[in-house]
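Here is what each chain is made of, one letter per residue.
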Amino acid sequence: MSDQIKFIVDNLNKEPFRKNYNLITFDSLEPMQLLQVLNDVLAEIDPKQVVDIREEMPEQTAKRMLSLLGILKYKPPGNATDMSTFRQGLVTGSKPVIYPVLHWLLQRTNELKKRAYLARFLIKLEVPSEFLQDETVADTNKQYEELMEAFKTLHKECEQLKTSGFSTAEIRRDISAMEEEKDQLIKRVERLKKRVETVQNHQRMLKIARQLRVEKEREEFLAQQKQEQKNQLFHAVQRLQRVQNQLKIMRHAAADAKPESLMKRLEEEIKFNSYMVTEKFPKELENKKKELHFLQKVVSEPAMGHSDLLELQSKINEINTQINQLIEKKMMRNEPIEGKLSLYRQQFKRYVSKLRSKSTVFKKKHQIIAELKAEFGLLQRTEELLKQRHENIQHQLQNTEEKRGISGYSYTQEELERVSALKSEVDEMKGRTLDDMSEMVKKLNSLVSEKKSALAPIIKELRQLRQKCQELTQECDEKKSQYDSCAAGLESNRSKLEQEVRGLREECLQEESRYHYTNCMIKNLEVQLCRATEEMKAYVSSDQQGKRRAIRNFGKNKKLYEKVMVRI
């Protein structure tokens, strides 16, 4: 395990990761940090995996990593064969699960890069067989498979070119050709410089040309920036319109939030849903059933092969030949002209008979119209005579009323009769209107009662749901407050523990430094004690030469000896 961690740390400290880890710092990484390291290694293999796992759900992270590891053909070793355990380890950032994965990835990074690149183009999309019945889908799938095969062949050719020695030679030839072209361009530039030097004010012209090129580049940059700003403005306007529409809809919904509007909306929804259920969906279902029955009949029939097509084509050719033969026989037949005209004569006779019958009908209708016109003239004359007689009688009546002193009586009588007739008609209309209104009120009451009875269970269910929503909201607030308090407590405990760990680490470092200092002092004292024992042995020795070699017998070292003896 230690060799594995050392290999992981060494590779993570190299390019392109440059993590600057050691064994202690790497082993002390938290699960989230360890998962981020694994994700960085996977992102180096497949650039699509560049994700900050703090912004991603743990299940999504595990699913994404498992799919990529499956593509890379990673097999969990040892106790990680159980996929549920392996998945749980990826979710929680378990070291026994992640360390082997990192070790396996870092051992073969270049190979896995190539495999991930090829997997984007060579993993075949499985299309269900029922979708392949459609000609468009089948053609697209066939084209997709052909493109995949073409990609395989092109990739093999590319690999062969990379491994062959011809590519390097071609590159060298290209480099030499480019160098020659570069030399030619340099010579051409020198010739142009010499030619320009003869022109008056060439420095000023070169300066102006340089400024012109700079301004053109600046113009292109400003045009690009202007286009980008136009695009941003267009997107901003669209976003503003969407927000305004949403605001208008929300205001309209808030303005109509009344019981009557809600009832009306519910009635419209009920009508719409009933129409969809009773009329539209059954029709669509029936059409789909017919289409399905037709497709099943088509599928049940045996598929036509090349032989069937040839047989049909032969039948078509035979029928065409028969038609041509009949046309030729008809053209070759020489019938007399009288036989051809007899048909037209019969048709002409039928047309004359129809025309005669229509002319008799026309004469009858014309006679009836003449009689009606004569009767209309008589009636018109009778009407004029009656009008004249009525005027005369009215004139005589007015004279009689003036003589009797009651002028206008007949007119008033007529007006009263007309008014009474109008009143009776109005009363009759009122009666009918009241009956209609009462019937309408009954219908409305029955409709309201039906709607109430229909909405009663929905309203009851809505009340229960509102009560349940309030209870769940209250429970959610309580749980949230508990969570906040628990999180605050855990955070405070964590900060305390971190402070304690920090203090203990500092104390441990101080004790380690004190321990090393004490060991050094002990070693120095042991050396001095050893020297002192040797000096004592030399001084106590009966050998005169040994006594002469004693430190205390030397004048220069006498003081040093006395100091050492004092320390001992």
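Rules behind the numbers
- Residues numbered from 1 in each chain as written.
- Predicted model: local features only at pLDDT ≥ 70, side-chain atom pairs only at ≥ 80, totals over all residues.
- Heavy atoms only, no water.
- Helix = DSSP H or I, 4+ residues; strand = E, 2+ residues; numbered from the N terminus.
- Expected span 1.5 Å × (residues − 1).
- Buried < 20%, exposed > 50% of the residue type's maximum accessible area, 1.4 Å probe, protein only.
- Salt bridge = Lys/Arg side-chain N within 4 Å of Asp/Glu carboxyl O.
- Patch = residues over 30% accessible without salt bridge, like charges linked within 9 Å, V, L, I, M, F, W, Y side chains within 5 Å.
- Areas by Shrake-Rupley, 256 points an atom, 1.4 Å probe, with all protein chains shown as cover.
- Lys, Arg positive; Asp, Glu negative; His and termini not counted.
- Charge placed at Lys NZ, Arg CZ, Asp CG, Glu CD.
- Core = buried A, V, L, I, M, F, W, Y, C linked by side-chain atoms within 4.5 Å.
- Contact = heavy atoms within 4.5 Å.
- Phe/Tyr/Trp six-rings, centres within 6.5 Å; stacked < 30°, edge-to-face > 60°.
- pLDDT = per-residue confidence, 0-100.
- Axes fitted to C-alpha atoms, helices over the stretch in contact; angles between N-to-C directions.
- Parallel < 35°, antiparallel > 145°, perpendicular 65-115°, else oblique.
- Left-handed = near helix turned anticlockwise from the far one by under 90°.

## A look at helix α7 (residues 109–122)
Part 1: Taking 1.5 Å of rise per residue, the 14 residues of α7 would be expected to cover 20 Å, and the 20 Å separating its terminal C-alpha atoms lies within 8% of that figure.
Part 2: Of all the positions in α7, only T109, L112, A116, L118 and A119 are classed as buried.

## Overview of the pattern of salt bridges
Part 1: In the structure shown here, the tally under the stated rule is 10 salt bridges.
Part 2: Of the charged contacts, one joins E44 and K113 as a salt bridge, the two residues approaching to 2.9 Å between their closest N and O atoms. One end of the pair, E44, is in helix α3 (residues 31–45); the other, K113, is in helix α7, with 69 residues separating them in the sequence.
Part 3: A relative accessible area of 27% places E44 in the partly exposed class.
Part 4: A salt bridge links E491 to R494; the nearest nitrogen and oxygen atoms lie 2.5 Å apart. Placement of both E491 and R494 in helix α14 (residues 409–540) is noted, with a separation of 3 residues, approximately one turn of the helix.
Part 5: According to the relative accessible area criterion, R494 is partly exposed, its value standing at 41%.
Part 6: One network of salt bridges, with partners in common, ties together E491, R494 and E498.

## Considerations on a negative patch on the surface
Part 1: Residues E215, E217, E219 and E220 make up a contiguous surface patch of negative charge.
Part 2: According to the relative accessible area criterion, E215 is partly exposed, its value standing at 45%.

## Things to note about the nonpolar core
Part 1: The biggest cluster of nonpolar side chains holds 34 residues, and the ones touching the most others in it are L12, F26, L38, L72, F86, L102 and L105.
Part 2: Residue assignment for this core shows that the elements contributing at least two residues are α1 (2–12), α3, α4 (58–71), α5 (83–92), α6 (95–107) and α7.
Part 3: For this core, the leading source of residues is α6, giving 8 residues.
Part 4: With near-sequence residues (within four places) excluded, F26 lies in contact with I5, I8, V9, L12, Y21, L34, Y99 and L102.

## Some words on the packing of aromatic side chains
Part 1: The tally for this structure, following the rule as stated, stands at 5 aromatic pairs.
Part 2: Between Y74 and F86, the aromatic rings sit 6.0 Å apart at their centres with planes inclined by 35°, giving tilted as the arrangement. Here the residue Y74 occupies a position in the loop between α4 and α5, and F86 occupies one in helix α5, the gap between them amounting to 12 residues.
Part 3: Chaining the aromatic ring pairs together yields one cluster made of Y21, F26 and Y99.

## Structural notes on the confidence of the model for the protein chain
Part 1: Here the protein chain shows a mean pLDDT of 77. Residues at 70 or above account for 79%.
Part 2: Across the protein chain, element-level confidence peaks in α3 with a mean pLDDT of 86 and bottoms out in helix α16 (residues 558–567) with 53.

## Focus on a positive patch on the surface
Part 1: Judged by side-chain charge, K187, R188, R191 and R195 come together as a positively charged surface patch.
Part 2: Tracing the chain through its elements places R188 in helix α9 (residues 166–197).

## Some remarks on α4
Part 1: With 14 residues, α4 should reach 20 Å at 1.5 Å per residue; the first-to-last C-alpha distance of 20 Å fits that figure.
Part 2: Its buried side turned inward, α4 meets α3, α5 and α6.
Part 3: Positive phi shows up at K73, right after α4, with a value of about 65°.

## Re the packing of α3 against α6
The relative placement of two packed helices is expressed as an angle between their axes plus a distance between the axes.
Part 1: Here α3 crosses α6 at 25°, and the two axes come no closer than 11 Å. Between α3 and α6, the crossing angle belongs to the class labelled roughly parallel. Judged by the twist between their axes, the crossing of α3 over α6 is left-handed. Here L34, L35, V37, L38, V41, L42 and I45 of α3 come into contact with α6, specifically with K95, I98, Y99, V101, L102, L105 and L106.

## A closer look at the side chain of H103
Part 1: Topologically, H103 is positioned in helix α6.
Part 2: Look past the residues within four positions of H103 in its chain and what remains in contact with it is Q4, F7 and I8.

## Side note on the side chain of R64
Part 1: Along the chain, R64 falls in helix α4.
Part 2: Those residues within four positions of R64 in sequence are excluded, and the remaining contacts are N39, Q49, V51, I53 and E56.

## Description of unusual backbone geometry
Part 1: At the junction of E15 and P16, the peptide bond is cis and its omega measures out at 0° in the coordinates.
Part 2: Counting through the fold element by element, P16 comes out in the loop between α1 and α2 (23–27).
Part 3: Positive phi is not limited to glycine here, since R18 has a value of about 50°.
Part 4: For R18, the position within the fold is in the loop between α1 and α2.
Part 5: On the basis of relative accessible area, R18 is assigned to the exposed category, the value being 55%.
Part 6: Unlike most non-glycine residues, N20 shows phi in positive territory, near 60°.
Part 7: Mapped onto the elements of the fold, N20 is located in the loop between α1 and α2.
Part 8: Given a relative accessible area of 67%, N20 falls into the exposed group.

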